Amino acid sequence: MEYTHITPRPVIHVDEEACGNAILCLKCVKACLEAGPNCIGFMNTEPPPVGENAPQRLEDIPHKIISTVMVNCNGCGKCVEACPKGALTLEMPEPQVPTVRVQRSDIIFCFTLRDGTKTFPRDD
Amino acid sequence: MCRYCVEYGGGTKWYLNPDNYRDELYTSGAHEATVKMLSGVQKNSFDVGAMSIADESAPDLYSTDSLSVGMEQMIGHGGQVVPLEDALKIIDLCREPFLLMHCACRRYFGKTDILRCLYLWPQVIETALKERPWEKDSRILSKEEAKEFEIDCDKKGFLHSIWHAAVDTDGILPMVMCHCTATDCIPTKFRVSYGVINAQRKGEYVAEVDLAKCKEGCKEYPACMHRCQFGAMRYSPVERVMYIDPQACFGCGLCRPACPYGAIKLVDRSSYPSLVDNW
């Protein structure tokens, strides 16, 4: 059987329409930086034009909010609080029990089971 | 030496092999696409865009080999830590001038802007100035200025890393040197958080401590400890010495100048047989 494991981590959803041009605000970016994880950033929505119509200032380029390395996020929600437009939602993963890692098919390295039974050392 | 040096080193390290700095590589094969994106108007979509999809690409933190392969084969961009002496040799291998520009990881994640990306190819300057006119803070450096910059980064505690523009059959093109810390550099975070090897490979060296010298030295407050970005330095309050874990060391050499007693040196990574596959 193929085994897939997904490391639980929060996900940030951005309503890009409500957010508008992110670079004019960046309150969530600053809030996440000040909180510690520094998971929120911004990038251009698409590469700007080259030539005569090329933007002369970074602020003239449309930007959107992005997130990365969300394993460092503890879900404090400061980014959501900081957004003046209600454009951010933070989706927390369902709480999960620790996974047992099977090292050998006949031995499971998890010594105390839920009912208190010790699987090691064996009495018999 | 890792696979890059075995295949593209020509008897030395890949980033010290003059063959990899040939002008024809700049416009050939897989290199051209990465060069075009990094030097031109698509840079932001390319580098921050790649960061923005990392979480989707690494669902399982314990298995990120596919992301590692993707970085090398599809994105065509990855780094390796180099110590100061190799960074200076790289500058010597390149033609002037150099382009020193902002650090995307810092600028686009809200941190204070500092100029930390040193582009090695004179051709980059022309494209960057033409296609990204809003980046007015970039500076153009001579060879001497670039070397002074490397030395200054070493003093301040920014590790040097050399970044390639794609691995292809004709070579691996050294494109840019970054000077950052694991706290700010997103690819280095990919390495330390997700274990993505090709995001930031370990250097060709490891640090060693002369324990006798160390014992006579700092005692309670080791001056080197804060310089390590990778948690490879461990302090023993019993012996009052620093130990360096060769399995965790990235070989950046930043701990060396911090030691007032000259107790730390870099040795070739190959002196530890166990590190043959640890990059």
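Computed from a predicted structure; not experimentally measured.

Side note on the domain arrangement of chain B
Residues and elements named next belong to chain B. Domain assignment breaks chain B into domain 1 (3–201) and domain 2 (205–277). Just the C-alpha atoms count here: the centres of domain 1 and domain 2 sit 26 Å apart. Tallying the contact residues gives 22 residues for domain 1 and eleven residues for domain 2. Between domain 1 and domain 2, the buried area comes to about 1200 Å², and carbon and sulfur atoms account for 60% of it. The tally of links from domain 1 across to domain 2 stands at one salt bridge. In this structure, the salt-bridge partner of Arg256 is Glu85, at a minimum N-O distance of 3.0 Å.

Looking at the interface of chain A and chain B
Tallying the contact residues gives 33 residues for chain A and 29 residues for chain B. Carbon and sulfur atoms make up 60% of the area that chain A and chain B hide from each other, which totals about 2600 Å². In this structure, the connection of chain A to chain B is made through one salt bridge. Salt-bridge contacts for Arg9(A) lead to Asp55(B); the nearest nitrogen and oxygen are separated by 2.9 Å. At the level of secondary structure, the elements contributing two or more residues to the side of chain A that touches chain B comprise helix H2 (27–35), strand E2 (40–44) and strand E3 (63–67) of chain A. Sorting elements by how many residues they give to the side of chain A that touches chain B places E2(A) first, with five residues.

Re the nonpolar core
With 67 residues, the main nonpolar core has Tyr15(B), Ile90(B), Tyr119(B) and Leu120(B) as its most contacted residues. Per-element accounting of this core gives the leading share, six residues, to strand E6 (residues 171–180) of chain B. Each of domain 1 (3–201) and domain 2 (205–277) of chain B accounts for three or more of the residues forming this core. The residues contacting Ile90(B), other than those within four sequence positions of it, are Tyr15(B), Leu16(B), Tyr21(B), Leu120(B), Ile162(B) and Met177(B). One finds Phe42(A), Ile65(A), Met70(A) and Leu67(B) within the second-largest nonpolar core, a separate group that totals 40 residues.

Section: a negative patch on the surface
Together, Glu96(B), Glu144(B), Glu145(B) and Glu148(B) make up a negatively charged patch on the protein surface. Here Glu144(B) lies in helix H10 (residues 143–156).

Overview of unusual backbone geometry
Of note, the amide linkage connecting Glu96(B) to Pro97(B) takes the cis form, showing an omega dihedral of -15°. Relative to the elements of secondary structure, Pro97(B) occurs in the loop between helix H7 (84–93) and strand E2 (98–102). A positive phi angle, near 45°, is found at Val69(A), a position not held by glycine. Positionally, Val69(A) belongs in the loop between E3 and helix H3 (78–82). Not every positive phi belongs to a glycine, and Ala166(B) is a case in point at roughly 75°. Residue position: Ala166(B) is located in strand E5 (residues 159–168).

Brief notes about the sheet that holds E2(B)
Residues and elements named next belong to chain B. Taken in spatial order, the seven strands make up an open sheet running E4-E2-E3-E6-E5-E1-E7, and their pairing is mixed. The open sheet has two free edges, formed respectively by strand E4 (139–141) and strand E7 (200–201), since each of these has just one partner strand. Pairing of E2 with E4 involves three bridges; the strand directions are antiparallel. Bridged to Leu99 within E4 is Ile140. Across the sheet, helix H3 (residues 29–39) lies against strand E1 (77–82), strand E3 (115–119), E5 and E6, angled at about 130° from E5, the strand it touches most.

Basis of the calculations
- Residues numbered from 1 in each chain as written.
- Chains lettered and ligands numbered in written order.
- Predicted model: local features only at pLDDT ≥ 70, side-chain atom pairs only at ≥ 80, totals over all residues.
- Heavy atoms only, no water.
- Domains from an automatic or database assignment.
- Contact = heavy atoms within 4.5 Å.
- Buried area = accessible area lost by both parts, 1.4 Å probe.
- Salt bridge = Lys/Arg side-chain N within 4 Å of Asp/Glu carboxyl O.
- Helix = DSSP H or I, 4+ residues; strand = E, 2+ residues; numbered from the N terminus.
- Core = buried A, V, L, I, M, F, W, Y, C linked by side-chain atoms within 4.5 Å.
- Buried < 20%, exposed > 50% of the residue type's maximum accessible area, 1.4 Å probe, protein only.
- Patch = residues over 30% accessible without salt bridge, like charges linked within 9 Å, V, L, I, M, F, W, Y side chains within 5 Å.
- Areas by Shrake-Rupley, 256 points an atom, 1.4 Å probe, with all protein chains shown as cover.
- Lys, Arg positive; Asp, Glu negative; His and termini not counted.
- Charge placed at Lys NZ, Arg CZ, Asp CG, Glu CD.
- Pairing = 2+ DSSP bridges.
- Axes fitted to C-alpha atoms, helices over the stretch in contact; angles between N-to-C directions.

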